[in-house]
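The lines below spell out each chain.
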Amino acid sequence: MRLTLFFCFTILSFSLYGQILRGKVYDSVSTIKNIKVHNLSQKSVTLTDDDGDFTIIAKENDTIRFQSLFYHPKIVVLQSIHFEGVAVFELKKIVSELDEVEIKAEPEQPIFEEETYNIELKNLIAEDIKNHPEKYQPAGASYGVDFIYLIGQVAKLFKGKKSKMPEYQPISYEQMDSLFTKSSFFNERLLTENLQIPKNQTKLFLDFCAAKQISTELLAENKKMQLLDQLVLNSQLFLILLDQYGEENVIKD
């Protein structure tokens, strides 16, 4: 009797809420990750994984929307054939719809000239000996320069001048807000039209991005596209959280 009731309950659940749609999304080149898959009929959302695969609760005649910043949106009304194995969906890339990106050439690297370098090195050592003669004499010496000692001091001199690798901190909310206030590329249009962030949620989205601890390294001009990639991914997650949990839970990890 219990088995019969369980079977009936299972059948009823599937009839009310649908089946599991298994799908794969690709473009003309390869599969696509981080595509937002929204079942408009069931009001559920998911993202494609690194292999372009996704699963979502759906049933026949449900309307599915595929959406991403870099692809034209696609809307599909599901048919029975979509539930036979893995359904494949193709998206078309958007060409030149983003604002024009200003790409600056990298500064030319100075050409190393050995003769000039040697002259500058000699001048540097001579100037340091003149200003600090005591550093180039061993303890207790009353005259002359100990050249063995000199070599050691020169090595210390250059060792101290080695540049340290910069240490990067997470981008703060204030930095993110300043970026979207001053930048011609990262602006309100990018937020609302390209990333699809509602106008009344833009500040919350910037707070959400700050909570994700994106490195300040990406604020550099030559890291602009890497930062955009992070914003695209975070916008998809942000919109999913808005759809499913509401504003109060969006900035929680």
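Residues numbered from 1 in each chain as written. Predicted model: local features only at pLDDT ≥ 70, side-chain atom pairs only at ≥ 80, totals over all residues. Heavy atoms only, no water.

### Let's talk about the overall build of the protein chain
Then, in step 1: Scanning the protein chain from N- to C-terminus turns up 7 helices and 7 strands.
Then, in step 2: Looking at the 253 residues of the protein chain, the share that counts as buried comes to 31%.
Then, in step 3: A separation threshold of at least 6 residues defines the contact pool for the protein chain, and within that pool the share at least 24 residues apart is 60%.
Then, in step 4: Element-wise, carbon and sulfur atoms account for 54% of the exposed surface of the protein chain, whose accessible area totals about 17,500 Å². (Helix = DSSP H or I, 4+ residues; strand = E, 2+ residues; numbered from the N terminus. Buried < 20%, exposed > 50% of the residue type's maximum accessible area, 1.4 Å probe, protein only. Contact = heavy atoms within 4.5 Å. Areas by Shrake-Rupley, 256 points an atom, 1.4 Å probe, with all protein chains shown as cover.)

### A short note on helix α6 (residues 202–211)
Then, in step 1: When you tally the buried positions in α6, you get 7 out of 10 residues, the bulk of the element.
Then, in step 2: Here α6 has its buried residues at Thr202, Leu204, Phe205, Leu206, Phe208, Cys209 and Ala210.

### Quick word on the pattern of salt bridges
Then, in step 1: Enumeration according to the criterion identifies 7 salt bridges in this entry.
Then, in step 2: With a shortest N-O distance of 2.7 Å, Asp177 and Lys203 are connected by a salt bridge. Of the two residues, Asp177 is situated in helix α4 (residues 173–182) and Lys203 in helix α6; the sequence distance between them amounts to 26 residues.
Then, in step 3: The salt bridge involving Glu217 is made with Lys223; its shortest N-O contact spans 3.8 Å.
Then, in step 4: Residue Lys223 is classed as partly exposed on the basis of its relative accessible area, which comes to 23%. (Salt bridge = Lys/Arg side-chain N within 4 Å of Asp/Glu carboxyl O.)

### Looking at the confidence of the model for the protein chain
Then, in step 1: For the protein chain, per-residue confidence averages 77 on the pLDDT scale, and residues scoring 70 or more make up 63% of the total.
Then, in step 2: In the model, residues 3–7 has pLDDT below 50 throughout and makes 0 contacts with residues more than four positions away in sequence or in other chains. (pLDDT = per-residue confidence, 0-100.)

### Details of empty space enclosed by the protein
Then, in step 1: A complete count under the given rule lists 1 cavity of 30 Å³ or more for this structure.
Then, in step 2: A volume near 60 Å³ is recorded for the largest cavity.
Then, in step 3: Surrounding the largest cavity, Lys36, Gln67, Ser68, Leu69, Asn194, Leu195, Gln196, Ser235, Gln236 and Leu239 form its lining.
Then, in step 4: Contributing elements (two or more residues each) for the lining of the largest cavity: β5 (63–68) and α7 (224–245).
Then, in step 5: Here the lining of the largest cavity gets 3 residues from one element, more than from any other, and that element is α7. (1 Å grid on protein atoms, 1.4 Å probe; cavity = no way out; pocket = protein on both sides within 12 Å on 5 of 7 lines; lining within 4 Å. Points joined across faces, edges and corners; volume = space filled by probe spheres on them.)

### Some words on the pairing of strand β2 (residues 36–39)
Then, in step 1: Neither face of β2 is left uncovered, since the one carrying Lys36 and His38 and the one carrying Val37 and Asn39 both have all their residues buried.
Then, in step 2: Bridge count for β2 against strand β3 (residues 44–47) is 4 bridges, and the pairing is antiparallel. Within β3, the position partnered with Asn39 by the bridge is Ser44.
Then, in step 3: Where β2 folds back on β3, the antiparallel hairpin that results is connected by 4 residues, among which Lys43 adopts a positive phi of roughly 55 degrees.
Then, in step 4: By the bridge criterion, 4 bridges tie β2 to β5 in an arrangement that is antiparallel. (Pairing = 2+ DSSP bridges.)

### Let's talk about unusual backbone geometry
Then, in step 1: Positive phi outside glycine occurs at Asn34, with the angle close to 60 degrees.
Then, in step 2: With a phi close to 55 degrees, Lys43 is a non-glycine residue in the positive phi region.
Then, in step 3: Here Lys43 lies in the loop between β2 and β3.

### Thoughts on the nonpolar core
Then, in step 1: The biggest cluster of nonpolar side chains holds 26 residues, and the ones touching the most others in it are Phe180, Phe186 and Phe205.
Then, in step 2: Listed by contribution, the elements that provide at least two residues to this core are α4, α5 (188–194), α6 and α7.
Then, in step 3: No other element matches α7, which puts 8 residues into this core.
Then, in step 4: Beyond its immediate chain neighbours, meaning those up to four positions away, Phe180 contacts Phe186, Asn187, Leu190, Leu191, Leu206 and Leu231.
Then, in step 5: Among the nonpolar cores identified, the runner-up in size contains 17 residues, and Val37, Phe54, Tyr71 and Ala87 belong to it. (Core = buried A, V, L, I, M, F, W, Y, C linked by side-chain atoms within 4.5 Å.)

### Some details on the environment of Thr46
Then, in step 1: Within the element layout of this structure, Thr46 appears in strand β3.
Then, in step 2: Setting aside residues up to four positions removed in sequence, Thr46 forms contacts with Ile35, Lys36, Val37, Phe54, Thr55, Ile56 and Ile240.

### Remarks on the sheet that holds strand β1 (residues 19–26)
Then, in step 1: Reading across the sheet, the 3 strands line up as β4-β1-β7 and stay open at both edges, with mixed pairing between neighbours. A strand with exactly one partner marks an edge of an open sheet, and here the two such strands are β4 (53–58) and β7 (87–90). When strand polarity is set aside, the average angle formed by the axes of neighbouring strands in this sheet is 35 degrees.
Then, in step 2: Alignment of β1 against β7, held across 4 bridges, turns out to be parallel. (Axes fitted to C-alpha atoms, helices over the stretch in contact; angles between N-to-C directions.)

### With respect to α4
Along an α-helix, a turn takes 3.6 residues, which lines up residues three or four apart on a common side.
Then, in step 1: Buried within α4 are the following residues: Met176, Leu179 and Phe180. With its buried residues spanning 90 degrees around the axis, α4 presents them on a single face. Exposed residues on α4 whose side chains face more than 90 degrees from its buried face are Glu174, Thr181 and Lys182. (Arc of directions from axis to C-beta.)

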